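Survey of secondary and tertiary structure
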Amino acid sequence: MGQEYNMEEIAELQKETIESLKEYIPNLQRGLSQVTEELKGERKEDTDEYLRMNIDGLNWVIEAYNGTVSSVDPEKTKIDVSSLEEGVEKLSKSFMAKEDAGIAECIEKYMLPFLEQFMNAMA
């Protein structure tokens with residue numbers, strides 16, 4: 001079984017995670033923007049690897065969001081969870097089908113706005 005935490009420990013873990021997210025998300029936003037441009041036609045030799053790294057980072061942010069959402073101020077911004085869920089589903093389908101245009105569209109339409117909303121909520 002996993003370690004059990006009390007409420008104070010959970011709050012501290014959430015705080016530490018949010019601080020890490022504040023540092024990490026701007027880098028991820030830049031990476032996703034860059035890989036989107038590559039997917040739109042400026043593909044490089046390492047685009048597939050770079051995309052996977054960015055998707056891994058995005059997955060970590062979404063997991064961290066799920067673990068910290070209770071400590072984010074909902075009055076600062078509304079995070080559109082249904083749009084995020086739709087975007088994850090579409091991104092997954094496009095990724096599995098290796099559809100560059102679909103992946104790029106999902107990143108621009110769903111993932112980058114989610115990251116911006118999440119950053120605003122943590123401000």
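Residues numbered from 1 in each chain as written. Predicted model: local features only at pLDDT ≥ 70, side-chain atom pairs only at ≥ 80, totals over all residues. Heavy atoms only, no water.

Thoughts on the overall build of the chain
Looking only at helices and strands, the chain features four helices and zero strands. Order of helices (α) and strands (β) in the chain, N terminus to C terminus: α-α-α-α. With respect to the three principal axes, the spread of C-alpha positions in the chain is 50 × 35 × 25 Å. Looking at the chain as a whole, 36% of its 123 residues qualify as buried. Across the chain, contacts joining residues at least 24 apart in sequence account for 74% of those joining residues at least 6 apart. As displayed, the chain offers around 7800 Å² of accessible surface, 50% of which is attributable to carbon and sulfur atoms. (Helix = DSSP H or I, 4+ residues; strand = E, 2+ residues; numbered from the N terminus. Buried < 20%, exposed > 50% of the residue type's maximum accessible area, 1.4 Å probe, protein only. Contact = heavy atoms within 4.5 Å. Areas by Shrake-Rupley, 256 points an atom, 1.4 Å probe, with all protein chains shown as cover.)

Looking at the pattern of salt bridges
Counted under the stated rule, the structure contains seven salt bridges. Two residues, Lys44 and Glu38, come together in a salt bridge whose shortest N-O distance is 3.9 Å. On the basis of relative accessibility, which here comes to 47%, the residue Lys44 falls in the partly exposed class. The class of Glu38 is buried, set by a relative accessible area of 4%. Note that Glu86 and Lys90 form a salt bridge whose closest N and O atoms lie 3.0 Å from each other. In this pair, Glu86 and Lys90 are both assigned in helix H3 (residues 81-96), four residues apart and thus about one turn of the helix distant. Judged by its relative accessible area of 35%, Glu86 falls in the partly exposed class. Given a relative accessible area of 36%, Lys90 falls into the partly exposed group. Salt bridges sharing common partners tie together Arg43, Asp48 and Asp100. (Salt bridge = Lys/Arg side-chain N within 4 Å of Asp/Glu carboxyl O.)

Some remarks on the environment of Gly102
Residue placement: Gly102 occurs in helix H4 (residues 100-122). Placed 12 residues apart in sequence, Gly102 and Lys90 show a C-alpha to C-alpha distance of 7.9 Å.

Function cannot be inferred from these measures alone, as they are strictly geometric.
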